[in-house]
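The residues making up each chain are set out below.
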Amino acid sequence: MTAVTAELQNRKNANQTPVVEYRQIRKLYGEFVAIGSVSARVNKGEVVCLIGPSGSGKSTLLRTTNALETINGGELHFDGKPLPSSKPEIRKVRQRMGMVFQNFELFPHKTVLENITVGPLTVLKVTEQEARRRAIALLEKVGLSDKVEKYPANLSGGQQQRVAIARALAMEPEVMLFDEPTSALDPETIGEVLNVMKRLAEEGMTMIVVTHEMTFARRVADWVIVFDRGSIVEQGPPAQIFDNPQAERTRDFLSHLGWDG
C-alpha cells in the first residue's frame, strides 16, 4: 500500500461509499477553464474545506455539487449515484443538501420563523406545528431563540447567517455546503457563525466548506483541498496542509496570508 493510499484509508468512513465524489470534473465559461479535471471525495461525517486564492475554482466546484452550476465534463456522484440530469430529479437531490451562501439569501419580507419554516412547509409538506417546532429548536441551536418574530433587516450579518444555517438545517440535509459563509461579515460576528459550524462538525454533519478562515480549516476540517487556477494542487489532512505542505503553490498561498499556525 502506497503512502497516499494509506493516508486516504485513514480518512473518516473511508470504507463507505462517499457522500459526494467528484470524478474529473470540468467546468468551462466559453474558452475559460474554471475547473480542469478535478477529482476528490467527501466521506460521511467529514468536514472538507476548500481553500486557495480567490477565483481559483473553489466556489464553482461547490456549486456543481447541487447542480447550481452545470459541468462540461466528468461525473459527480452523490451517495454513490451520478447526479441526475432531469430538473425534477435534481430538485430531489437538492432537498438532501443544505446550502449556505455568502450573502444570506433570506426573504426580507418574512420573519425569522417564516424564513425557516417555508421550506419544510412547501417542499417537505410537514404540518405547520411540526415546521414551527423544528424552527424553534434550530433557532435555539444557533443561539437565536429570541429572534423568532424579527425580520432580517433587524438582525446583524452574523445573526442573519445563523438564521440561514438554521433554514438549511430545517430541511434535514445529509450534507451541508458552505460558500464562504463569513466573507460578508464584520470581524466581530465571524466567530458567531464559525462556532455554529464547529458544533455541527462535532455532531457529525457532513460539510463541504469554501473558506478563507485558515484557523477554522486547520482546527475543524478532517480534509483540506487546496485550489489554484481551476486545479487541485494538494489535498490532505490539515496537519499536512498547514504544517508541512508538499506543493510549492500551497506554501506560497499560505505565506501570502501570513499563516504561522
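Our structure is the block above this text.
All values reported here derive from a predicted model rather than from experimental measurement. For every chain, the first residue of the written sequence is number 1, and numbering continues from 1 onward in sequence order. The predicted nature of this model means local features are confined to residues of pLDDT at least 70 and side-chain atom pairs, given and counted, to a pLDDT of 80 or more, with totals for whole chains, interfaces and linings taken over all residues. No hydrogens and no water enter the side-chain calculation; it runs on all heavy atoms of the structure.

Asks: Pulling in residues and values, what's your account of the pairing of strand β1 (residues 20–29)?
Replies: Being paired, for any two strands, means DSSP has found at least two bridges between them. Each helix is a run of H or I in the DSSP string that is no shorter than four residues. Each strand is a run of E no shorter than two, and both are numbered from the N terminus. In this sheet, strand β2 (residues 32–42) lies alongside β1 in antiparallel orientation, the contact comprising seven bridges. Among the inter-strand pairings, Glu-21 is bridged to a residue of β2, identified as Arg-41. In textbook terms, the turn of a hairpin is the stretch between consecutive antiparallel strands, and for β1 and β2 this stretch comprises two residues, one of which, Gly-30, has a positive phi near 65°. The sheet contact formed by β1 and strand β4 (residues 73–78) spans five bridges and is antiparallel. Looking at β4, one finds that Val-20 is bridged to Phe-78.

Asks: Account for the nonpolar core, with residues named and values stated.
Replies: As used here, the term nonpolar core means buried Ala, Val, Leu, Ile, Met, Phe, Trp, Tyr and Cys residues forming a set that is joined through side-chain atoms within 4.5 Å. Burial status follows relative accessibility: with a 1.4 Å probe on protein chains alone, a residue under 20% of its type maximum counts as buried, one over 50% as exposed, and anything between as partly exposed. Among the nonpolar cores identified, the biggest contains 48 residues, and Ile-51, Ile-165, Met-176, Phe-178, Met-197 and Met-207 are the most heavily contacted of them. If one sorts the elements of this core by residue count, helix α7 (residues 187–202) sits on top with seven residues. By the convention used here, residues are in contact when the closest approach between their heavy atoms is within 4.5 Å. The contact partners of Met-207, leaving out residues within four places of it in the chain, are Glu-46, Val-47, Val-48, Val-175, Met-176, Phe-178, Met-197, Leu-200 and Ala-201. Within the second largest apolar cluster, 24 residues are counted, among which are Ile-25, Val-38, Ala-40 and Met-99.

Asks: Residue-level account of helix α10 (residues 248–256), with values.
Replies: Taken together, the buried positions of α10 are occupied by Thr-250, Phe-253 and Leu-254. Seen along its axis, α10 keeps its buried residues to an arc of 90°; they face one direction. Seen from the buried face of α10, the exposed residues on the opposite side, beyond 90 degrees, are Glu-248, Ser-255 and His-256. The elements touched by buried residues of α10 are β3 (47–51), α8 (214–220), β9 (223–228), β10 (231–236) and α9 (238–243). Of the residues flanking the end of α10, it is Gly-258, one or two places downstream, whose phi is positive at about 75°. The directions considered for the arc are those from the helix axis to the C-beta atoms.

Asks: How would you sum up the sheet that holds β3? Please name residues and give values.
Replies: With mixed pairing, six strands are arranged side by side in an open sheet as β6-β7-β8-β3-β9-β10. This sheet does not close on itself; its edge strands, each paired only once, are β6 (97–100) and β10. The mean angle between the axes of side-by-side strands here comes to 15°, regardless of whether they run parallel or antiparallel. In the sheet, strand β7 (residues 175–179) pairs with strand β8 (residues 206–210) via five bridges, with the strands oriented parallel. Structural elements are reduced to axes, namely lines fitted to C-alpha atoms, with helices fitted over the stretch in contact, and the angle between N-to-C directions of any two is expressed from 0 to 180 degrees.

Asks: Residue-level account of the packing of aromatic side chains, with values.
Replies: Whether two aromatic rings pair depends on their centres lying within 6.5 Å, for rings of Phe, Tyr and Trp, where Trp uses its six-membered ring; planes under 30 degrees apart make the pair stacked, over 60 edge-to-face, and the rest tilted. Here the structure, examined in full by the defined rule, presents zero aromatic pairs. Placement of a charge over a ring requires the Lys NZ or Arg CZ to be within 6 Å of the ring centre, with the centre-to-atom vector within 35 degrees of the ring normal. Above the plane of the ring of Trp-223 lies Arg-11, whose end atom (NZ or CZ) is 4.0 Å from the centre.

Asks: For the sheet that holds β2, give the residues involved together with the corresponding values.
Replies: Strand order across the open sheet formed by four strands is β2-β1-β4-β5, with antiparallel pairing between neighbours. Looking at strand neighbours, the two that pair on one side only are β2 and β5 (81–82), the edges of this open sheet. Relative to β5, β4 runs antiparallel, the two sharing two bridges. Its bridge partner lying in β5, Phe-78 is registered against Lys-81.

Asks: Which residues make up the side chain of Thr-182, and what values go with them?
Replies: Within the secondary structure, Thr-182 sits in the loop between β7 and α7. In this structure Thr-182 comes out as buried when scored by relative accessible area, which is 7%. Counted as a polar contact is a pair of N or O atoms within 3.5 Å, where, for protein atoms, one must be capable of donating a hydrogen and the other of accepting one, and residues adjacent in sequence contribute only when both atoms are in side chains. In terms of polar contacts, Thr-182 uses its side chain to reach the side chain of Glu-213, at 3.5 Å.

Asks: So what about the environment of Ile-116? Which residues, and what values?
Replies: Residue placement: Ile-116 occurs in helix α4 (residues 112–122). Residue Ile-116 is classed as buried on the basis of its relative accessible area of 1%. The spatial distance from the C-alpha of Ile-116 to the C-alpha of Ala-166 is 6.7 Å, given a sequence separation of 50 residues. Excluding residues that lie within four positions of it along the chain, Ile-116 makes contacts with Ala-135, Leu-139, Val-163, Ala-166, Arg-167 and Ala-170.

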